[in-house]
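So the chains spell out like this:
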Amino acid sequence: MLKFNQIFQDLVFKKLEQLYQFIMESGPKIALAIVILLIGWISAVILKKIVSKLLKALGLDVISEKSGFKHFLE
């Protein structure tokens, strides 16, 4: 029974060590991916606001309503 306990502990510790090593190797990559995703999302929101204001300033919203294009898109 003692041998079984020793083997079980060795396996558990080995798997925990592999999990720790995986987290240490993959953690920075995952964090970087999240940062890139957030930067892309924030820049898309800002770009959407800029383009929307630009198109309204050019009067394309009125043109699209008159031509029926806005209704088609909705």
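So, here's what we can say about the structure. (Residues numbered from 1 in each chain as written. Predicted model: local features only at pLDDT ≥ 70, side-chain atom pairs only at ≥ 80, totals over all residues. Heavy atoms only, no water.)

1. Digging into the overall build of the protein
For clarity, the threshold we go by: Strands here mean DSSP runs of E at least two residues long; helices mean DSSP runs of H or I at least four residues long; both are numbered from the N terminus. The size measure is the radius of gyration over C-alpha atoms, and the globule rule it meets is 2.2 Å times the number of residues to the 0.38 power. Three exposure classes are used, based on accessible area relative to the maximum for each residue type with a 1.4 Å probe and protein chains only: buried under 20%, partly exposed in between, and exposed over 50%. Each accessible area is a Shrake-Rupley result for a 1.4 Å probe, and residues are judged covered by the shown protein chains and nothing else. A residue counts as positive if it is Lys or Arg and as negative if it is Asp or Glu; His and the chain ends are not included. By convention, the point assigned to a charge is CZ for Arg, NZ for Lys, CD for Glu and CG for Asp.
Regarding its fold elements, the protein presents three helices and zero strands. Along its sequence from the N terminus, the protein presents helices and strands in the succession α-α-α. Whereas a compact globule of 74 residues would reach a radius of gyration of roughly 11 Å, the protein reaches 28 Å, over 25% beyond that. Its C-alpha atoms give the protein principal-axis dimensions of about 85 × 25 × 10 Å. Across the 74 residues that make up the protein, the buried fraction comes to 4%. Accessible surface, the protein as shown: approximately 7300 Å² in total, 74% of it carbon and sulfur. Counting 10 positive and 6 negative side-chain charges, the protein places the centres of these two groups 3 Å from one another.

2. Describing the environment of Leu-55
Selection criterion: Residue contacts are counted whenever heavy atoms from the two residues lie within 4.5 Å of one another.
Note that Leu-55 resides in helix H1 (residues 2–58). Leaving out residues up to four positions away in the same chain, Leu-55 has contacts with Leu-60 and Asp-61.

3. So, the layout of surface pockets
Note the cut-off: Of the two site types, the cavity is a set of points on a 1 Å grid over the protein atoms alone where a 1.4 Å probe fits but cannot get out, and the pocket is an open set with protein on both sides within 12 Å along at least five of seven lines, each lined by residues with an atom within 4 Å of a point. Grid points are joined across faces, edges and corners, and a volume is the space filled by probe spheres set on the points. For this scheme, ten residues count as nonpolar: Ala, Val, Leu, Ile, Met, Phe, Trp, Tyr, Cys and Pro. Four count as charged, namely Asp, Glu, Lys and Arg, and the remainder, Gly too, count as polar.
Considering only enclosed or pocket space, the largest pocket measures out at about 230 Å³ in volume. Looking at the largest pocket, the residues that line it are Ser-52, Leu-55, Lys-56, Leu-60, Asp-61, Ser-64, Glu-65, Phe-69, Lys-70 and Leu-73. Of all the secondary structure elements, the ones that give two or more residues to the lining of the largest pocket are H1, helix H2 (60–67) and helix H3 (69–73). Take the lining of the largest pocket: its biggest share by element is four residues, from H2. For the lining of the largest pocket, the per-class residue count stands at four nonpolar, two polar and four charged.

4. Comments concerning a nonpolar patch on the surface
Selection rule: Patch criteria: residues need more than 30% relative accessible area and no salt bridge. Like-charged residues are merged within 9 Å; nonpolar side chains of Val, Leu, Ile, Met, Phe, Trp and Tyr are merged within 5 Å. Definition used for salt bridges: Asp or Glu carboxyl oxygen within 4 Å of a side-chain nitrogen of Lys or Arg.
Nonpolar side chains collect at one region of the surface, where Phe-4, Phe-8, Val-12, Phe-13, Leu-16, Leu-19, Tyr-20, Phe-22, Ile-23 and Met-24 lie side by side and expose about 1100 Å² of accessible area between them. Turning to its location among the elements, Val-12 is positioned in helix H1.

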